[in-house]
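Read off the chains here:
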Amino acid sequence: MRLVCLLLLLAASAAGAQEASVRFLILDFDSDGYVSLAEAAGIEDVVLRFDRADRDRDGQLSSREFDRLERIRPRSVSMKRHQIRATVSRDARAVEREAALEAAAAEAASGASQQ
């Protein structure tokens, strides 16, 4: 009887792992082998656990990190909103800095070509 229960448990965990694998492939829109926060947008359970699953803090979940999602307890929604807002504002500042650098480089290039 114990053997049967153990086999059923192993089969259930394998089915769960296979489901996570299929879900990972579906969410990996650009087929780069990673799921970004943008790719996971709208999938609440993934978004709520994303930061804690991203062990190497590269902003993407590998298949191994994605498999951990089920074991991670989600943070509260209000805390997640705060983190998302902070991330969005940080990214917006980075885009503004990059645009300013590009404008300065273009201005320097046009000044050099006029001489």
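What you see is a predicted model; the values in this text were computed from it and never measured. (Residues numbered from 1 in each chain as written. Predicted model: local features only at pLDDT ≥ 70, side-chain atom pairs only at ≥ 80, totals over all residues. Heavy atoms only, no water.)

### Some points on unusual backbone geometry
For Ser 31, which is not glycine, the phi torsion reads 55° and is therefore positive. Along the chain, Ser 31 turns up in the loop between helix H1 (2–27) and strand S1 (35–36). Look at Ser 31 and you get exposed, because its relative accessible area is 62%. Its identity is not glycine, yet Arg 57 carries a phi of approximately 55°, on the positive side. Within the element layout of this structure, Arg 57 appears in the loop between helix H3 (44–53) and strand S2 (60–61). For Arg 57, a relative accessible area of 59% translates into the label exposed. (Helix = DSSP H or I, 4+ residues; strand = E, 2+ residues; numbered from the N terminus. Buried < 20%, exposed > 50% of the residue type's maximum accessible area, 1.4 Å probe, protein only.)

### What about the nonpolar core?
By size, the foremost hydrophobic cluster in this structure holds twelve residues: Phe 24, Leu 27, Val 35, Ala 40, Val 46, Val 47, Phe 50, Ala 53, Leu 61, Phe 66, Leu 69 and Ile 72. When residues of this core are traced back to their parent elements, those giving at least two are H1 and H3. No other element matches the four residues that H3 contributes to this core. Those residues in contact with Leu 61 that sit more than four places away from it in its chain are Phe 24, Gly 33, Tyr 34, Val 35, Phe 50, Ala 53, Asp 54, Phe 66 and Leu 69. (Core = buried A, V, L, I, M, F, W, Y, C linked by side-chain atoms within 4.5 Å. Contact = heavy atoms within 4.5 Å.)

### A closer look at the pattern of salt bridges
A side chain of one charge can pair with a side chain of the opposite charge when the charged atoms of the two come close. Tallied over the full model, the rule gives three salt bridges. Between Asp 45 and Arg 23 there is a salt bridge, and its shortest N-O distance comes to 2.7 Å. Note that Asp 45 is positioned in helix H3 and Arg 23 in helix H1, a separation of 22 residues in sequence. The exposure class of Arg 23 is partly exposed, given its relative accessible area of 24%. Between Arg 23 and Glu 70 there is a salt bridge, with its nearest N and O atoms 3.9 Å apart. With Arg 23 in helix H1 and Glu 70 in the loop between helix H4 (63–67) and helix H5 (77–114), this residue pair connects regions lying 47 residues apart in the sequence. Among the residues examined, Glu 70 registers a relative accessible area of 60% and is labelled exposed. By sharing partners, the salt bridges in this structure join Arg 23, Asp 45 and Glu 70 into a single network. (Salt bridge = Lys/Arg side-chain N within 4 Å of Asp/Glu carboxyl O.)

Bear in mind that shape data such as this cannot, by itself, settle questions of function.
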